[in-house]
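In case you want the letters, here they are:
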Amino acid sequence: MDNTQLQGVKKGNVLNAKAVTTIGLMSAMAFILMFVHFPVKFIGFLELEISDVPALICALTYGPVAGVFVELVKNLLHAMTSSTATVGEMANFIMSSSYVLGVSLVFWYSKSQKRIQKGFFVGTLLLVFTGVVVNYFITLPLYITLYFGGNESALYGMASAMIPAIKDMKTLLLMGFVPFNIVKGAVLSIVTYYVWKKFRKFMA
């Protein structure tokens, strides 16, 4: 999308029929991608997936609200098959939306020619930060209760099998979740950049 096309979208072409249809299709694709994971589990239970890519593409093409909408629909659909009483989906929505907003807000409102690279950097930082907060207060307490019967030591033991320095919640977050989310942000950035670069002309 060149600057002329970008200005056209900014001036109000977001809600045309093509955009609405594309956002709907991207929402469905994001939901499907939630079930596709990389084969390796980091620290025993963290799985990398790229279901945020459709949301990012919509956010870059149509604006931040479109990207958050895709994240919302994705998680609402996933909640129908959830075993976490929608708490897991809420956590996913918060973390994913923070990344999508970070990337797209910088891209849309920065005048720098390197706005997309800056956006990916800011988005990854937000993903790491919200990941620590959400996992500490929401995801990990739920995970410990549902799958470990409230036994925190069992969770730390699983994680320490890969990273022996993990002994408690603090080390789990700093040595487990922080590097995982940095890698996740980098993977999402790379995949999104090349997919969006290839298909943006067809979406505008």
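Residues numbered from 1 in each chain as written. Predicted model: local features only at pLDDT ≥ 70, side-chain atom pairs only at ≥ 80, totals over all residues. Heavy atoms only, no water.

Asker: Residues and numbers for the overall build of the protein, please.
Answerer: Looking only at helices and strands, the protein features 8 helices and 2 strands. Shown N-terminal to C-terminal, the secondary structure of the protein runs as helices and strands in the order α-α-β-β-α-α-α-α-α-α. Out of the 204 residues belonging to the protein, those deemed buried represent 45%. Surface accessibility of the protein: about 10500 Å² in total, with carbon and sulfur atoms responsible for 71%. (Helix = DSSP H or I, 4+ residues; strand = E, 2+ residues; numbered from the N terminus. Buried < 20%, exposed > 50% of the residue type's maximum accessible area, 1.4 Å probe, protein only. Areas by Shrake-Rupley, 256 points an atom, 1.4 Å probe, with all protein chains shown as cover.)

Asker: Tell me about the layout of surface pockets, and name the residues and values.
Answerer: To find the voids left in a structure, one rolls a probe of water-molecule size over its atoms. Size it by volume and the largest pocket reaches roughly 960 Å³. Lining the largest pocket are 32 residues, and of these Phe-45, Glu-47, Asn-92, Thr-139 and Tyr-143 sit closest to its centre. Of all the elements in the fold, those that place two or more residues in the lining of the largest pocket are strand E2 (46-47), helix H4 (64-79), helix H5 (87-109), helix H6 (115-148) and helix H8 (169-203). Among the elements that make up the lining of the largest pocket, the one with the highest residue count is H6 (8 residues). Its residues placed into classes, the lining of the largest pocket shows 13 nonpolar, 14 polar and 5 charged. (1 Å grid on protein atoms, 1.4 Å probe; cavity = no way out; pocket = protein on both sides within 12 Å on 5 of 7 lines; lining within 4 Å. Points joined across faces, edges and corners; volume = space filled by probe spheres on them. Nonpolar A, V, L, I, M, F, W, Y, C, P; charged D, E, K, R; others polar.)

Asker: Give a detailed account of the confidence of the model for the protein, specifying residues and quantitative values.
Answerer: The predicted coordinates of low-pLDDT regions are not to be read in fine detail. Per-chain confidence: the protein averages 87 in pLDDT, with 90% of residues scoring 70 or above. Mean pLDDT values for the elements of the protein range from 43 in helix H1 (residues 3-13) up to 95 in H4. Long-range and interchain partners of residues 1-14, a stretch whose pLDDT sits below 50, account for 19 contacts in this model, where long-range means more than four residues apart. (pLDDT = per-residue confidence, 0-100. Contact = heavy atoms within 4.5 Å.)

Asker: Talk me through the packing of aromatic side chains; I want residue IDs and the actual numbers.
Answerer: On inspection of all chains with the given rule, the structure shows 10 aromatic pairs. On the basis of an interplanar angle of 10° and a centroid distance of 6.2 Å, the ring pair of Phe-42 and Phe-180 is categorised as stacked. Highlighted residues: Phe-42 in strand E1 (residues 41-42) and Phe-180 in helix H8, separated in sequence by 138 residues. What makes Phe-180 buried here is its relative accessible area of 11%. Consider the rings of Tyr-143 and Tyr-147, whose centres lie 5.0 Å apart with planes at 50°: the pair is tilted. In this pair, Tyr-143 and Tyr-147 both sit in helix H6, 4 residues apart, roughly one turn of the helix. Among the aromatic residues, ring-to-ring pairing joins Phe-45, Tyr-143, Tyr-147, Phe-148 and Phe-177 into one connected group. (Phe/Tyr/Trp six-rings, centres within 6.5 Å; stacked < 30°, edge-to-face > 60°.)

Asker: Got a sec to walk through the nonpolar core? Specific residues and values, please.
Answerer: Cys-58 and Tyr-99 are the most contacted members of the largest nonpolar core, which has 28 residues in total. Broken down by secondary-structure element, the contributors of at least two residues to this core are helix H2 (17-33), helix H3 (53-62), H4, H5, H6 and H8. Examining the composition of this core, we find that 8 residues originate from one element, H3, more than from any other. Setting aside chain neighbours within four positions, we find Tyr-99 in contact with Leu-56, Phe-120, Gly-123, Thr-124, Leu-127, Gly-185, Leu-188 and Ser-189. Counting residues in each nonpolar core, the second largest holds 17 residues, with Phe-45, Phe-148, Ala-159 and Leu-173 among its members. (Core = buried A, V, L, I, M, F, W, Y, C linked by side-chain atoms within 4.5 Å.)

Asker: I'd love a proper account of the packing of H2 against H3, names of residues and values included.
Answerer: Running from N to C, H2 and H3 point in directions that differ by 160°, and their axes come no closer than 8 Å. It follows that H2 is roughly antiparallel to H3 by the angle criterion. Every residue of H3 that contacts H2 at Lys-18, Ala-19, Thr-22, Ile-23, Met-26, Met-29, Ala-30 and Leu-33 is listed here: Pro-54, Ile-57, Cys-58 and Tyr-62. Of the residues that constitute the contact of H2 with H3, the class distribution is 10 nonpolar, 1 polar and 1 charged. (Axes fitted to C-alpha atoms, helices over the stretch in contact; angles between N-to-C directions. Parallel < 35°, antiparallel > 145°, perpendicular 65-115°, else oblique.)

Asker: Explain the packing of H4 against H5 residue by residue, including any values.
Answerer: At a minimum axis distance of 8 Å, the contact between H4 and H5 shows a crossing angle of 165°. Comparing their axes, H5 and H4 come out roughly antiparallel. Where H4 crosses over H5, the two elements pack in a sense that is right-handed. Every residue of H5 that contacts H4 at Pro-64, Gly-67, Val-68, Glu-71, Leu-72, Lys-74, Asn-75, His-78 and Ala-79 is listed here: Glu-89, Asn-92, Phe-93, Ser-96, Ser-97, Val-100, Leu-101, Ser-104, Leu-105 and Trp-108. (Left-handed = near helix turned anticlockwise from the far one by under 90°.)

Asker: Now, about the pattern of salt bridges: what can you tell me, with residues and values included?
Answerer: Within the structure shown, the criterion is met by 3 salt bridges. The partner of Asp-52 in a salt bridge is Lys-74, with the nearest N and O atoms 2.9 Å apart. Remark: Lys-74 occurs in helix H4 and Asp-52 occurs in the loop between E2 and H3; sequence separation between them is 22 residues. For Lys-184, the salt bridge goes to Asp-52, with nearest N and O atoms at 4.0 Å. Taken together, the residues Lys-184 in helix H8 and Asp-52 in the loop between E2 and H3 connect sequence positions 132 residues apart. (Salt bridge = Lys/Arg side-chain N within 4 Å of Asp/Glu carboxyl O.)

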